Amino acid sequence: MTAILPFDKVALIGLGLIGSSLAHAIRRGGLSSRIAGHAQSAATRSKAMEIGLVDEVHDTPALAVAGADLVILCIPVGACGPVAAQISASLKPGAILSDVGSVKAAIIRDVAPHVPSAVHFIPGHPIAGTEQSGPESGFAELFDQRWCVLTPPPGAEETAIERLEAFWRGCGSNVERMTAEHHDLVLAITSHVPHLIAYNIVGTAADLETVTQSEVIKFSAGGFRDFTRIAASDPVMWRDVFLNNRDAVLEMLGRFSEDLSALQRAIRWGDGDALFDLFTRTRAIRRGIIDAGQDSATADFGRPHGKQS
Ligand code: NAP
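A quick note: this is a predicted structure, and the numbers were derived from the prediction, not measured.

Draft legend 1. Region of interest: the site of the ligand. Taken together, 28 residues surround the ligand, and among them Leu17, Ser41, Thr44, Ile75 and Ser102 come closest. A distance of 2.8 Å is found between an oxygen atom of the ligand and a backbone nitrogen or oxygen belonging to leucine 17. Starting from 910 Å² of accessible surface for the ligand in isolation, the protein chains cover 86%. Within the residue set of the shell around the ligand, elements represented by two or more residues are helix H1 (17–29) and strand S7 (124–126). Taken together, the residues that form the shell around the ligand break down as 14 nonpolar, 13 polar and one charged.

Printed below as a string of structure tokens:
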């Protein structure tokens, strides 16, 4: 019988923020005897070897996954289908194939057709990140105390799911299962729409004619600065998120726009009670996040954002 952990060989396809953080977390937790890696550019591949991120690096994803017991796609959502087609014939029978993409239903749609029947496909999404990217941005603690959502398709083998759950716990995460569709709705409101709002407000400020850009930068500590951190996130990753979670994002944006109109009306008519009631309710949500251990109550100024999701 296969031991739950460690894996003999894990293959990481994509060695950016998430791939490199996983490599560090795997080493910290002793979760695999060997780590193989692949990234699309020669520059990232040689950097990964230079900094000792992986034990072996390969020029193609097919070579990297050969013989691996666990393969994790750590690449932009839109790249998952084409890469799955490239590795399909090289996956070891009995291996677990997973991913870390921020959208789940579209990845299942694109990847599942390429998965051989002897391979266990169990999609996943660690709800942890920073605005940094690349092989040097990773760190072992990224997943500590953060949730990792697994979205096993109906009929997925229970033992394989439990093995992947143990792996993520070994990386420091709490694990929860849900359907891909529910995941996409939850993430639309907790992550995707907030990123869109940040991209939009920073774009609006950049296009203003009556306030200069140097004033926007100079007085940014008034709140704007926190949006710029989110709006500095990787453009390829976020383009793919919005292209692949369209329906859920549009649904949540519709709700958001209605609520924004209500706020606009309250300001226009001087309805202070409406504003006060909302701002009181939102404070309670913030307290709930701190109580759940998903952020600290430390004053924002000077907080080490590079290590926060
Ligand atoms: P990243 O730092 O930009 O790294 C992406 C990696 O994927 C790079 O190593 C890149 O190679 C490689 N890559 C891109 N296209 C490829 C292809 N066709 N074949 C092989 N390798 C390819 O991105 P990331 O933040 O780690 O994000 C990776 C995934 O994690 C995304 O699906 C994202 O949705 C998900 N995610 C991100 C966060 C976050 O906060 N960043 C959080 C949770 C989940 P090169 O370096 O050679 O370009």
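Draft legend 2. Region of interest: the pairing of strand S2 (residues 32–38). Counting buried positions along S2 gives five out of seven residues, so the element sits mostly inside the fold. Bridge count for strand S1 (residues 7–13) against S2 is six bridges, and the pairing is parallel. Along S2, the bridge assignment pairs isoleucine 13 with histidine 38. A crossover connection joins S1 to the parallel S2 through H1; in handedness this β-α-β unit is right-handed.

Draft legend 3. Here's a closer look at the environment of arginine 45. Looking at the secondary structure, you find arginine 45 in helix H2 (residues 42–50). By relative accessible area, which is 13% here, arginine 45 ends up buried. With 11 residues separating them along the chain, arginine 45 and glutamate 56 place their C-alpha atoms 9.6 Å apart. Filtering out sequence-adjacent residues up to four positions away, arginine 45 remains in contact with His38, Ala39, Gln40, Val57, His58 and Asp59.

Draft legend 4. A look at the sheet that holds S1. Pairing is parallel across the open sheet formed by six strands, whose spatial order is S3-S2-S1-S4-S5-S6. Only two strands of the sheet have a single partner each, and these edge strands are strand S3 (56–57) and strand S6 (120–121). Here two bridges tie strand S5 (residues 96–99) to S6, and the two strands are oriented parallel to one another. Paired with leucine 97 across the two strands is phenylalanine 121, which belongs to S6. Across the face of the sheet, H1 comes into contact with S1, S2 and strand S4 (70–73) while running at roughly 165° to S1.

Draft legend 5. Structural view of the packing of aromatic side chains. Under the defined criterion, the tally for this structure stands at four aromatic pairs. Judged by centre distance (6.0 Å) and plane angle (75°), the rings of phenylalanine 7 and phenylalanine 167 are edge-to-face. Of this pair, phenylalanine 7 sits in strand S1 while phenylalanine 167 sits in helix H6 (residues 158–170), and the two are 160 residues apart along the sequence. One exposure class covers both phenylalanine 7 and phenylalanine 167, and it is buried. Each ring, one from tryptophan 238 and one from phenylalanine 242, has its centre 5.9 Å from the other, and the planes form 40°; the classification is tilted. With tryptophan 238 and phenylalanine 242 both in helix H10 (residues 235–244) and four residues apart, this pair spans about one turn of that helix. Neither residue differs from the other here; tryptophan 238 and phenylalanine 242 are each classed as buried. Three or more aromatic residues joined by ring pairs form one cluster here, namely Phe7, Phe143, Phe167 and Trp168.

Draft legend 6. Layout of the domain arrangement of the protein chain. Assigned domains of the protein chain: these are domain 1 (10–178) and domain 2 (182–291). With 18 residues of domain 1 at the contact, the number on the domain 2 side is 15 residues. Summed over both sides, the interface between domain 1 and domain 2 buries roughly 1,200 Å², with carbon and sulfur atoms accounting for 64% of that surface. At the surface where domain 1 touches domain 2, the tally comes to one salt bridge. Between arginine 229 and glutamate 131 there is a salt bridge, and its shortest N-O distance comes to 3.6 Å. Remark: the boundary between domain 1 and domain 2 carries six residue pairs in polar contact (both at pLDDT 80 or more).

Draft legend 7. Quick look at the nonpolar core. Membership of the largest hydrophobic core comes to 35 residues, with the highest contact counts inside it found for Leu12, Leu22, Phe143, Phe167 and Trp168. At the level of secondary structure, the elements contributing two or more residues to this core comprise S1, H1, S4, strand S8 (147–150) and H6. Examining the composition of this core, we find that six residues originate from one element, H1, more than from any other. Residues contacting phenylalanine 167, with those up to four places away along its chain left out, are Leu5, Phe7, Leu22, Ile26, Leu31, Leu70 and Ile72. Residues Val65, Ile107, Val115 and Trp238 belong to the second largest nonpolar core, which totals 32 residues.

Draft legend 8. A look at the pairing of strand S9 (residues 174–177). The pairing of S8 with S9 spans four bridges and is parallel. Bridging across to S9, cysteine 148 finds its partner in valine 175. In this region the chain leaves S8, passes through H6 and returns to the parallel neighbour S9; the handedness of that crossover is right-handed.

What counts as what
Residue numbers run consecutively from 1 along every chain, following the written order of its sequence. Under the rules for a predicted model, residues below a pLDDT of 70 receive no local features and side-chain atom pairs below 80 are neither given nor counted, while totals for whole chains, interfaces and linings still include all residues. The side-chain values count all of the structure's non-hydrogen atoms but skip hydrogen atoms and water molecules. Distances are taken per atom, and a residue is near a molecule or strand as soon as one of its heavy atoms is within 4 Å of it. What qualifies as a polar contact is a pair of N or O atoms within 3.5 Å, subject to a donor-acceptor requirement within protein and to the restriction that residues adjacent in sequence count only when both atoms come from side chains. Shrake-Rupley sampling with a 1.4 Å probe provides the accessible areas, and residues are treated as covered by the protein chains on show and by no other component. Counting from the N terminus, the helices are DSSP H or I runs at least four residues long and the strands are E runs at least two residues long. Throughout this entry, Asp, Glu, Lys and Arg are counted as charged residues, while Ala, Val, Leu, Ile, Met, Phe, Trp, Tyr, Cys and Pro are counted as nonpolar. The remaining residues, Gly among them, count as polar. In this scheme, a residue with accessible area under 20% of its type's maximum is buried, one over 50% is exposed, and one in between is partly exposed, where area comes from a 1.4 Å probe on protein chains only. Two strands qualify as a pair provided that DSSP identifies no fewer than 2 bridges between them. A clockwise path from the first strand over the helix to the second, with the strands pointing away from the viewer, defines a right-handed crossover. Residues count as neighbours in contact if any of their non-hydrogen atoms are within 4.5 Å of one another. Angular values range over 0 to 180 degrees, each being the angle between N-to-C directions of two axes fitted as lines to C-alpha atoms, with helices fitted over their stretch in contact. By convention, a stacked pair of Phe, Tyr or Trp rings (six-membered ring in the case of Trp) has centres within 6.5 Å and planes under 30 degrees apart, an edge-to-face pair has planes over 60 apart, and any other such pair is tilted. Just so you know, the domain bounds were taken from an automatic or database domain assignment. Note on terms: buried area is the combined drop in 1.4 Å-probe accessible area of two parts once they are placed together, counting the loss on both. Whenever a carboxyl oxygen of Asp or Glu lies within 4 Å of a side-chain nitrogen of Lys or Arg, that contact is scored as a salt bridge. Remark: nonpolar core denotes a set of buried residues (Ala, Val, Leu, Ile, Met, Phe, Trp, Tyr, Cys) joined through side-chain atoms within 4.5 Å.

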